[in-house]
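Single-letter residue listing:
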Amino acid sequence: SFEKFHLEWDFSWPWLNLGNVFSERISWIQWYEFTGSFGGTLWVLLINIGIFEKFKNSPVSLYNLSWLSKLAPYLFAILLPIIISISILKKENSKNNNTEVLILQPNIDPYNEKYENNNIYYFNLMAELFRDQITDKTNYLFTPETYFGYGIGEPLNKFRNTRLFAKLDSLTNKYPKIQLISGIQFYNIYKSKLKPTPTANKIDKKTWVDFYNSALKLENGSDPEFYHKSKLVVGVENMPYKSFFQPIIGNFLIDLGGTISSRAIQKNRSVFEHQTIKLKVGPIICYESVYGEFVTEYTRKGASFFAIITNDAWWGKTPGHKQLLSYSRLRAIENRRDIVRSANTGISAIINKNGEIIKKIPYGIRGVLKGNINPSDKITFYTKYGDFIARWSGFIFVLTLLIAISGRLKTTTK
């Protein structure tokens, strides 16, 4: 119940939810397609609490091994899900597919280099790196989160009038069978005495601005489409409970480079459809990939694979970028969807529906990853029902709390 609560409130940082710990043991957890990561949490809790209750009042001795028999049910409870998982994995064979993707890993230092060059510079870099890799079979190009993030970004409502759009439009015109999905920062400026939106940042008495961390979809002959990041990093992109804390501490956010104002979000997920091959992709931006039920909404809207665009360079050489890649594997299993992952400094990768990393570019390397993905239209039990374990846990928690308050759980003394 606490883990579910921690996924939803404004201070959400569910990095250490127990079910996440198996992301490097995917052969053990193929049943996450039924339970999601909360199945792993329940697995850990039941076995640990069960063993504790069994032995808290029982002596354990090397001279009398009868206590080992008490462990048998719990050893079985550990092994059975693993056996089931291995059986599922054998049935979930990945197929080869002709959907060719190119994934950019530009390896740009976000603390210094990124904001020294404008968006046209990064367009030219992208075009140069992709140029020799594009073939007649290429269907998609992917770039990382906020790849185009110079200055305060590009004007959202007037994006078609920008020089960057003209450059990107010429690229998609040159390759009419290709869809480009790129990370980009947008902004909207408002002239108003009153706050125009809940997320607007005040510039002066009559000027407000909304910033967006977005995914941009461009394709020859179609209008640009956008998805705005909806799960924001606490303190970096979002001041928790801003309406309450802002009058007290002002516009304080942790400075991790770039613009440090709060970002605007969108309430619902968006999917991008390829007009030629009619596939739909779910654009997932960085931190959003940690949220299981959140990601299922892309699948329910028709996404046949996921694209995670991220800028893990903020982590430096800490384990953070490795962990975020690893958690992506859980989302692949839960939804049975292939994933393409474009990370600024790495690790960019292609992950199949079983959570297996098929190809990757190591951290700190500039390059383009080419590979094929296998789209799917399968709807898993978890995709359909989401965090049902957590919801039932919440119901049981509330029921137990009410019974406790009523005094029915008090022990009587004689």
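Our subject is the structure that appears above.
The rules behind each value
Residues numbered from 1 in each chain as written. Predicted model: local features only at pLDDT ≥ 70, side-chain atom pairs only at ≥ 80, totals over all residues. Heavy atoms only, no water. Helix = DSSP H or I, 4+ residues; strand = E, 2+ residues; numbered from the N terminus. Rg over C-alpha atoms; globule rule 2.2 N^0.38 Å. Buried < 20%, exposed > 50% of the residue type's maximum accessible area, 1.4 Å probe, protein only. Contact = heavy atoms within 4.5 Å. Polar contact = N/O pair within 3.5 Å; in protein donor to acceptor, adjacent residues only side chain to side chain. Axes fitted to C-alpha atoms, helices over the stretch in contact; angles between N-to-C directions. Parallel < 35°, antiparallel > 145°, perpendicular 65-115°, else oblique. Left-handed = near helix turned anticlockwise from the far one by under 90°. Nonpolar A, V, L, I, M, F, W, Y, C, P; charged D, E, K, R; others polar. Pairing = 2+ DSSP bridges. Salt bridge = Lys/Arg side-chain N within 4 Å of Asp/Glu carboxyl O. Phe/Tyr/Trp six-rings, centres within 6.5 Å; stacked < 30°, edge-to-face > 60°. 1 Å grid on protein atoms, 1.4 Å probe; cavity = no way out; pocket = protein on both sides within 12 Å on 5 of 7 lines; lining within 4 Å. Points joined across faces, edges and corners; volume = space filled by probe spheres on them. Core = buried A, V, L, I, M, F, W, Y, C linked by side-chain atoms within 4.5 Å.

Student: Help me understand the overall build of the protein in this model?
Tutor: Of the regular secondary structure elements, the protein holds 11 helices and 14 strands. Over its C-alpha atoms the protein spans a radius of gyration of 24 Å, differing by no more than 12% from the 22 Å that the globule rule assigns to 414 residues. Principal-axis analysis of the C-alpha atoms places the extent of the protein at approximately 80 × 55 × 35 Å. Put simply, the protein has 414 residues, and 51% of those count as buried.

Student: Which parts of the structure should I look at to understand the environment of His 228?
Tutor: Relative to the helices and strands, His 228 resides in strand β7 (residues 225-228). Note on His 228: relative accessible area 11%, which makes it buried. In this structure the C-alpha to C-alpha distance between His 228 and Asp 169, which are 59 residues apart in sequence, comes to 20 Å. Residues contacting His 228, with those up to four places away along its chain left out, are Leu 156, Tyr 212, Asn 213, Ser 214 and Gln 266. Among the polar contacts listed, one links the side chain of His 228 to the side chain of Ser 214, at a separation of 2.6 Å.

Student: Got a minute to help me understand the packing of helix α5 (residues 119-131) against helix α6 (residues 163-174) in this structure?
Tutor: The description of two packed helices rests on the angle between their axes and on the distance between the axes. Close contact between α5 and α6 brings their axes to 9 Å; oriented N to C, the two are set at 15°. Taken together, the axes of α5 and α6 are roughly parallel relative to one another. Here the hand of the crossing between α5 and α6 comes out right-handed. Contacts between α5 and α6 pair Asn 119, Ile 120, Phe 123 and Met 126 from the former with Arg 163, Leu 164, Lys 167, Leu 168 and Leu 171 from the latter. Considering only residue class, the contact of α5 with α6 consists of 6 nonpolar, 1 polar and 2 charged.

Student: So what exactly am I meant to see when it comes to the sheet that holds strand β13 (residues 357-361) here?
Tutor: Working definition: the strands of a sheet are paired by backbone hydrogen bonds and lie parallel or antiparallel to each other. Pairing in this open sheet of 6 strands is mixed, and the strands run β8-β9-β10-β11-β12-β13 from one edge to the other. Whereas interior strands pair on both sides, the edge strands pair on one side only; in this sheet they are β8 (272-273) and β13. Helix α8 (residues 292-300) rests against β9 (280-285) and β10 (305-310) of the sheet, and its axis sits at about 160° to β9. In the packing of helix α9 (residues 320-335) onto the sheet, contacts are made with β10, β11 (339-343), β12 (348-351) and β13, and the angle to β11 comes to roughly 160°.

Student: I'm lost on the pattern of salt bridges in this one. Help?
Tutor: Pairing between side chains becomes possible if they bear opposite charge and their charged atoms approach one another. Applying the stated criterion across every chain yields a total of 15 salt bridges. Here Lys 4 makes a salt bridge to Glu 293, at a shortest N to O gap of 3.0 Å. Taken together, the residues span a long stretch of sequence, with Lys 4 in helix α1 (residues 2-8) and Glu 293 in helix α8 at a distance of 289 residues. In this structure, Asp 312 engages Arg 341 in a salt bridge whose closest nitrogen and oxygen atoms are separated by 2.7 Å. Remark: Arg 341 occurs in strand β11 and Asp 312 occurs in the loop between β10 and α9; sequence separation between them is 29 residues. The same class applies to Asp 312 as to Arg 341, namely buried. Here the salt bridges do not stand alone but share partners, grouping Lys 4, Glu 8, Glu 293, Asp 387 and Arg 391 into one network.

Student: Teacher, can you tell me more about the packing of aromatic side chains here?
Tutor: Aromatic rings considered in pairs are described by the distance between their centres and by the relative angle of their planes. All told, the structure shown has 27 aromatic pairs when counted by the stated rule. Judged by centre distance (5.2 Å) and plane angle (55°), the ring pair of Trp 9 and Phe 11 falls under tilted. Since its relative accessible area comes to 33%, Phe 11 is described here as partly exposed. Taking the centre distance of 6.3 Å and the plane angle of 45° together, the rings of Phe 22 and Trp 28 count as tilted. With relative accessibility at 11%, the residue Phe 22 sits in the buried group. What makes Trp 28 partly exposed here is its relative accessible area of 31%. An aromatic cluster of at least three residues, connected via ring pairs, comprises Trp 13, Trp 15, Tyr 287, Tyr 291 and Tyr 327.

Student: Got a minute to help me understand the layout of surface pockets in this structure?
Tutor: Think of a ball as big as a water molecule: rolled over the atoms, this probe shows where empty space is left. Empty space within the largest pocket amounts to approximately 640 Å³. Along the wall of the largest pocket there are 26 residues; nearest its centre are Asp 10, Ser 230, Leu 232, Asn 238 and Ile 265. Looking at the lining of the largest pocket, the elements with two or more residues in it are α1 and α7 (242-249). Here the residues of the lining of the largest pocket sort into 11 nonpolar, 7 polar and 8 charged.

Student: So what exactly am I meant to see when it comes to the side chain of Asn 311 here?
Tutor: By the element assignment, Asn 311 lies in the loop between β10 and α9. Take Asn 311: its relative accessible area is 2%, and that puts it in the buried class. One polar contact links Asn 311 to Asn 344, side chain to side chain, over a distance of 3.0 Å. Those residues within four positions of Asn 311 in sequence are excluded, and the remaining contacts are Pro 110, Glu 145, Thr 146, Cys 286 and Asn 344.

Student: Help me understand the nonpolar core in this model?
Tutor: If you look at soluble globular proteins, the nonpolar side chains tend to sit buried side by side. Of all hydrophobic cores here, the largest spans 56 residues; its most connected members are Val 101, Phe 142, Tyr 298 and Val 340. Ranked by residues supplied to this core, first place goes to α9 with 6 residues. Residues in contact with Tyr 298, not counting those within four places in the same chain, are Tyr 227, Arg 269, Ser 270, Val 271, Gly 282, Pro 283, Ile 284, Glu 288, Ala 303 and Phe 306. Core analysis: the next-biggest nonpolar cluster, separate from the first, contains 28 residues, Tyr 147, Leu 156, Phe 186 and Tyr 212 among them.

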